[in-house]
Amino acid sequence: MLPIAGTWQGLHYLITGDPWEGPHPAADVVCGGRLLTEDGADEFGVDVIYLAPQRVKPAADHLAATDFRQIAGRYDPKQMAKLGVQGADDWIGKPVEAVRDRDLRTAYENLVGFFKAAADEGQAIYKAMG
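In this report, we go over the structure that sits alongside the text. (Residues numbered from 1 in each chain as written. Predicted model: local features only at pLDDT ≥ 70, side-chain atom pairs only at ≥ 80, totals over all residues. Heavy atoms only, no water.)

1. A word on the environment of R69
Put simply, the test is: For helices the rule is a DSSP run of H or I covering at least 4 residues; for strands it is a run of E covering at least 2, with both sets numbered from the N terminus onward. Burial status follows relative accessibility: with a 1.4 Å probe on protein chains alone, a residue under 20% of its type maximum counts as buried, one over 50% as exposed, and anything between as partly exposed. Contacts described as polar in this section are N or O atom pairs within 3.5 Å, which, within protein, must combine one atom able to donate a hydrogen with one able to accept it, while residues neighboring in sequence count only if both atoms come from side chains.
Examined against the element boundaries, R69 turns out to sit in helix α4 (residues 68–72). Classification of R69 by relative accessible area gives exposed; the value is 64%. As for R69 and A27, which are separated by 42 residues in sequence, their C-alpha atoms are 18 Å apart. For R69, the side chain forms a polar contact with the side chain of D67, separated by 2.7 Å.

What follows is the structure in structure tokens.
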């Protein structure tokens with residue numbers, strides 16, 4: 001399990017340049033996959049998204065080839081908030097070192113390791129988003 005609550009959509013934006021979509025395989029890292037629950041947030045408190053092993057590997061390779069410094073330049077909390085990125089309103093006015101360089105970077109590095117381990121083992125990834 002890899003908890004990234006509070007940073008998930010910020011990570012997606014940094015990785016893809018878009019709050020919800022983006023190019024593949026980058027878009028598969030956070031938001032991509034097949035929704036398994038219909039109205040799951042109502043019933044279970046979360047939606048469950050399934051990312052098949054054949055999509056995990058390209059996403060893992062993308063992460064491994066993308067150093068955080070390559071995506072860090074997208075960090076603009078005002079623009080992110082304007083686009084509706086969850087949590088970005090709270091980042092406005094906070095030091096870049098605290099949000100981008102600590103919180104988002106740490107979460108990104110954890111994602112890289114998590115996806116690598118799943119890809120190395122041929123595993124699928126289930127994402128619970130609530």
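2. A closer look at the pattern of salt bridges
The condition that has to hold: A pair is scored as a salt bridge if a Lys or Arg side-chain nitrogen falls within 4 Å of a carboxyl oxygen belonging to Asp or Glu.
Enumeration over the complete set of coordinates arrives at seven salt bridges. A salt bridge links D103 to R102; its shortest N-O distance comes to 2.8 Å. Residue classification places R102 among the partly exposed positions, given a relative accessible area of 47%. A salt bridge links K116 to D120, with the shortest nitrogen-to-oxygen separation between them at 2.5 Å.

3. Structural notes on the packing of helix α1 (residues 8–16) against helix α7 (residues 96–120)
What counts is decided by this rule: Here, axes are lines fitted to C-alpha atoms. For helices the fit covers the stretch in contact, and angles between N-to-C directions go from 0 to 180 degrees. Should an angle lie under 35 degrees it is considered roughly parallel, over 145 roughly antiparallel, and from 65 to 115 roughly perpendicular; all remaining angles are considered oblique. We call two residues in contact whenever any of their non-hydrogen atoms come within 4.5 Å of each other.
Direction vectors running N to C along α1 and α7 enclose 75°, while the axes themselves pass 10 Å from each other. Judged on the interaxial angle alone, α7 and α1 are roughly perpendicular. Touching G10, L11, L14 and I15 of α1 are L104, A107, Y108 and L111, all from α7.

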